Amino acid sequence: MSLSRLAPRRALQVYASATAQPHNARPLFHRKLHASPRLDVVRPFLLADIGEGITECQLIQWFVQPGARVEQFDKLCEVQSDKASVEITSPFDGVIKKLHYGPDDMAVTGKPLVDIDIQGEVGEEGGVEESVEDVVRAEGGGELDAAELDAAATTTQERGRQHGSRQSKEVMGSLATPAVRHLTKEMNVNISDVQGTGRDGRVLKEDVHRHVSQQTQQTVPQQQQRTGLPATREDKKAPLTPVQTQMFKAMTRSLSIPHFLYTCAADMGAITSLRKKLNVRAEPKLTHLPFIIKAVSLALRHHPLLNSSLDTKDPKKPELTYRGAHHFGVAMDTPSGLLVPVIHNVQDLSITEVAARLLQLSEKARNNKLAPSDFSSATFTISNIGSVGGGVVAPIITEPQVGILGIGRSRMVPAFDENGQLVKKEELVLSWSADHRVVDGAECARCAERVRGLLEEPGSMIMGMR
Amino acid sequence: MIVWNSACRSARLSTRPLTVRRCLSQRTLDRLTDPVQSYISTSRDPYLNLSIEHFLLQQSAPESVVLLLYVNRPSIIIGRNQNPWLEVNLALLDPSSHDQSYSEPPGLGAVDLVRRRSGGGTVFHDEGNVNWTVICPSKDFTRDQHAEMVVRALRDCGIDRARVNVRHDIVLDQGQHSLTIGSDDTHSTPYQTPEADARKPLKVSGSAYKLTRQRALHHGTCLLSSPNLNIIPHYLHSPAKPYMTARGVESVSSPVGNILLSNERFIASVQKQFGKLYRSIGDAQEVGDEWQEHDSVRKGCDELKSPEWTYLQTPQFSISNQSDTLTDVDLELSVRNGVISSGFCGTRKSGYSGAARTGLPAGLDGRRLHDISSWDDELGGSLPSVSHDRVTRLCKWLHMMLPPPIGRPNTHFR
């Protein structure tokens, strides 16, 4: 046996073929790493029945040689039987020990075709790169947008599926080598309960042992509260997801912007009753967001400074560009995290059209179908956290924009009407952040008050419409 | 893309497209994930068509079903594991190398020799033959299902003599119409006769398969209106056959016949049956020469055209002239992977005693058979004990049996 095989291996019952013959069992004091018996098992892989009553087929070519390491589903050889040429793939990970036929020989179905030495943990860590990983590496060469990375991740998933190799989670339940699966059987553990920490979520031997020790720990402190994942008090290091990475980069840049916060509360009563009336027939139902978006667009016509872009590539010569069109980024909470797709040219859209665009974008976001063009050229951002909750928020501006509007959750509050009577009011807090290097408080306040006016009196929005 | 193709069809042969595409369009690549895909090739190049077919096998989504239809210019397609010297009359492939003894040159011009990637036997393709390929997931695959689909397509066009036989080929029964009421069974027709001496059914389509772990490819020919039926046997009959013992799959010859249907009608009918079978109403996408631009298709094409693939993939065989009465210098050659690996040479006059036998003439051992362009050059000086005319007769025999393949695939149709 070569010295390279230092990891322990286990005997397996993968194929119901010849009786298991552990041979070359090593004495325990030789290279002992684990206190478990080590058995070298060479499994003969039989030529399966190809169908059609064919009893033998001709071996055309081998793709492997003795000594080659193979993984499950690697091509072993190609055989030919009358009209069919068939590619035969490896049933498990291991090292090729012996080829039973040479090229052009007739291989008999039901008899061994090749002997494979089953390896344990060595196979899962070393060597062969996943093809999906390769594709991701090839695609993600430089700086990518959050969206591009997301889109790339989706295409790589699809391409990985197309390439047909290593189908990971779709085809197989849990990824684990046969040795690990055998261990789970030994330890009476359900493999799908075990959290895999290997590549692609593979379950390793350590994971199984850890799971078992956790199980014994958990029976003791049963009154303790579980928090989410299988109760572990260990810290868990995790890499940033693609969306988080993008957020990290963008927000680090935003640190250089001096923000100031201006909040005001708008009475949404008029908008709400207008919505109720329209929603009797409107499909899909309108929320207050399209109204707010259009109101901001109308207001920005009078306050174009908030729709500008500030270029600070040269700190000594900052450039301010007043943007002609209103492209609003609308922050959305998606399964993969925060995404900010853009509605282009809000100034030319009606409220219904804005609502339709919003719906379209949120559909796409939910299904991971956003394209890079959906993220480009935003001039102003609107962040509606009201769907989750919130009163006053302090949103962060994305450069090169100079302003952002955060919307909280509308709630009923007590207020006084013009007669001094106590009435119910639906209040929505609008939180504006602006870049104090170019926008002063008064300008922002004026814009905010204009938006509030438009929302509290929707009729005035009609007056401003083009 | 389809609009561009039809507008430029007439000009395609003489001009290159204005934009050189580096790779297939994104739309084309996206189509590879559609659950049901239908393609039709505008190219007559057998290397390109087979490479496109292989590309579709490897790149289409694992759960998808793909149909590809194509027509090739005159070419001979041998199976993955077949022996070109055994199956094909190689001398006929290049018209300029014709012996004067042929009284009736076939007149087909140059004919390509292509080794395909699926198994099975040798077929002759020409413009009167339409090839169909269906690629489906392995787990859904049976050998008959798509042959049955093609039979339904034929019956839709009025060819009710067509049926699938036990070898998964499509045949036309030649008997009289029996009184049994016709059924939808694609494996029987009212024209079948049980007697053994009745006119044999004519084979109109042969099938071959390539099975990988997830995908199964089934392709077949369909003889619709080939003008070359009477010359094909010349091409597919090798003079070396009686002298060879070979491993590998041999072709099973059957009498063939034309269905007598136009290509267009057949193609439309197959597409319709495919759409019915897989419940899809999409249009067929045209594929053609622009696919040459794509790296993996071009690489596949280059591999198919290479002499290494065509000749060196031949399983082991040996050829011996012992049964030939006209030559009296014995020669036996063993060829393994297209390379002469062993053999002997001896004169009959001295019987079969070991002393008169010499080993392989020097210079032949380890030679690639398809590299040998002149047997006179090879053997001329290496048999000094043998008279010149006997050597000449031997070389002439060798030249007939193992002609130098001058008609290399990539020298034609640039």
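Residues numbered from 1 in each chain as written. Chains lettered and ligands numbered in written order. Predicted model: local features only at pLDDT ≥ 70, side-chain atom pairs only at ≥ 80, totals over all residues. Heavy atoms only, no water.

A.B. asks: Just checking my understanding: could you explain the interface of chain B and chain A for this structure?
C.D. replies: The accessible area lost on association of the parts is a frequent measure of interface size. Across the contact, 31 residues belong to chain B and 25 residues belong to chain A. Here chain B meets chain A over a buried area of about 2500 Å², counting both sides, of which 40% is carbon and sulfur. Of all residues in chain B, Arg143(B), Leu211(B) and Arg213(B) give up the largest surface area on contact with chain A, accounting jointly for 26% of the area buried on that side. Across the contact surface, chain B and chain A share three salt bridges. Glu87(A) serves as the salt-bridge partner of Lys210(B), at 3.4 Å between the closest nitrogen and oxygen. The tally of links from chain B across to chain A stands at nine residue pairs in polar contact (both at pLDDT 80 or more). Those elements that provide at least two residues to the side of chain B that touches chain A are helix H3 (46-59) and strand S10 (207-211) of chain B. Looking at the side of chain B that touches chain A, the element that brings in the most residues is S10(B), giving five residues. Along the lines of polarity and charge, the residues of the side of chain B that touches chain A split into eight nonpolar, 14 polar and nine charged. Judged from the three bridges that link them, strand S5 (residues 84-89) of chain A and S10(B) form a sheet pairing that is parallel. (Contact = heavy atoms within 4.5 Å. Buried area = accessible area lost by both parts, 1.4 Å probe. Salt bridge = Lys/Arg side-chain N within 4 Å of Asp/Glu carboxyl O. Polar contact = N/O pair within 3.5 Å; in protein donor to acceptor, adjacent residues only side chain to side chain. Helix = DSSP H or I, 4+ residues; strand = E, 2+ residues; numbered from the N terminus. Nonpolar A, V, L, I, M, F, W, Y, C, P; charged D, E, K, R; others polar. Pairing = 2+ DSSP bridges.)

A.B. asks: Quick question: what am I supposed to make of the pairing of strand S15 (residues 329-336) of chain B here?
C.D. replies: Moving residue by residue along a regular strand, the side chains alternate between the two faces of the sheet. Residue and element names in this part refer to chain B. Within S15, six of the eight residues are buried, which leaves the element mostly enclosed by the surrounding structure. Two elements, strand S14 (residues 317-320) and S15, share four bridges in a ladder whose sense is antiparallel. Across the sheet, the residue bridging to serine 320 is glutamate 332, located in S15. (Buried < 20%, exposed > 50% of the residue type's maximum accessible area, 1.4 Å probe, protein only.)

A.B. asks: Would you take a moment to explain the pattern of salt bridges for this structure?
C.D. replies: All names here are of chain A. Using the criterion set out here, one finds 25 salt bridges over all chains in the structure. Here lysine 75 and glutamate 87 are joined by a salt bridge, their closest N and O atoms 3.6 Å apart. Of this pair, lysine 75 sits in strand S4 (residues 75-81) while glutamate 87 is found in strand S5, placing the two residues 12 residues apart along the sequence. One salt bridge in this structure joins glutamate 456 and arginine 452, with 3.3 Å as the shortest N-O distance.

A.B. asks: Which parts of the structure should I look at to understand the pairing of strand S1 (residues 36-41) of chain B?
C.D. replies: Residues and elements named next belong to chain B. Among the six residues in S1, five count as buried, and that is most of the element. Both S1 and strand S2 (residues 65-70) contribute to a ladder of five bridges, which runs parallel. Within S2, the position partnered with serine 38 by the bridge is leucine 67. The parallel pair S1 and S2, bridged by H3, forms a crossover whose chirality is right-handed. Relative to strand S13 (residues 285-287), S1 runs parallel, the two sharing three bridges. By the bridge assignment, isoleucine 40 is partnered in S13 with glutamate 286. (Right-handed = clockwise from strand over helix to strand, strands pointing away.)

A.B. asks: Can you help me understand the confidence of the model for chain A in this one?
C.D. replies: Should pLDDT be low for a region, the predicted coordinates there are not to be read in detail. Residue and element names in this part refer to chain A. Chain-level statistics for chain A give a pLDDT mean of 76 and a share of 74% at 70 or above. Considering only residues more than four positions removed or in separate chains, one finds that residues 121-173, a stretch of pLDDT under 50, has 80 contacts. Under a pLDDT of 50 for its full length, residues 222-228 has, in the predicted model, three contacts with residues more than four places off or in other chains. (pLDDT = per-residue confidence, 0-100.)

A.B. asks: What should I look at first to understand the confidence of the model for chain B in this one?
C.D. replies: All names here are of chain B. Averaged over every residue, the pLDDT of chain B is 82; residues scoring 70 or more account for 84%. For chain B, helix H1 (residues 2-8) is the element with the lowest average pLDDT, namely 44, and strand S6 (residues 131-137) is the one with the highest, namely 95. Across residues 1-22 the pLDDT falls below 50, and counting only partners more than four positions away or on other chains, this stretch makes 21 contacts in the model. Confidence over residues 350-355 falls short of pLDDT 50; this stretch has four contacts with residues more than four positions distant or in other chains. The complex model carries a pTM of 0.55, and its ipTM stands at 0.75.

A.B. asks: For this particular structure, what's the right way to read empty space enclosed by the protein?
C.D. replies: Rolled over the atoms, a probe as big as a water molecule pinpoints where empty space is left. Residue and element names in this part refer to chain B. The full count for this structure, using the stated rule, is five cavities of 30 Å³ or more. Its volume calculated, the largest cavity comes out at about 100 Å³. Around the largest cavity sit Leu50, Glu53, His54, Leu57, Arg115, Arg116, Arg117, Ser118, Lys210, Leu217, His219 and Leu304, which together line it. Sorting the residues of the lining of the largest cavity by element identifies H3 and strand S11 (215-220) as the ones contributing at least two each. Take the lining of the largest cavity: its biggest share by element is four residues, from H3. For the lining of the largest cavity, the residue count by class is four nonpolar, three polar and five charged. (1 Å grid on protein atoms, 1.4 Å probe; cavity = no way out; pocket = protein on both sides within 12 Å on 5 of 7 lines; lining within 4 Å. Points joined across faces, edges and corners; volume = space filled by probe spheres on them.)

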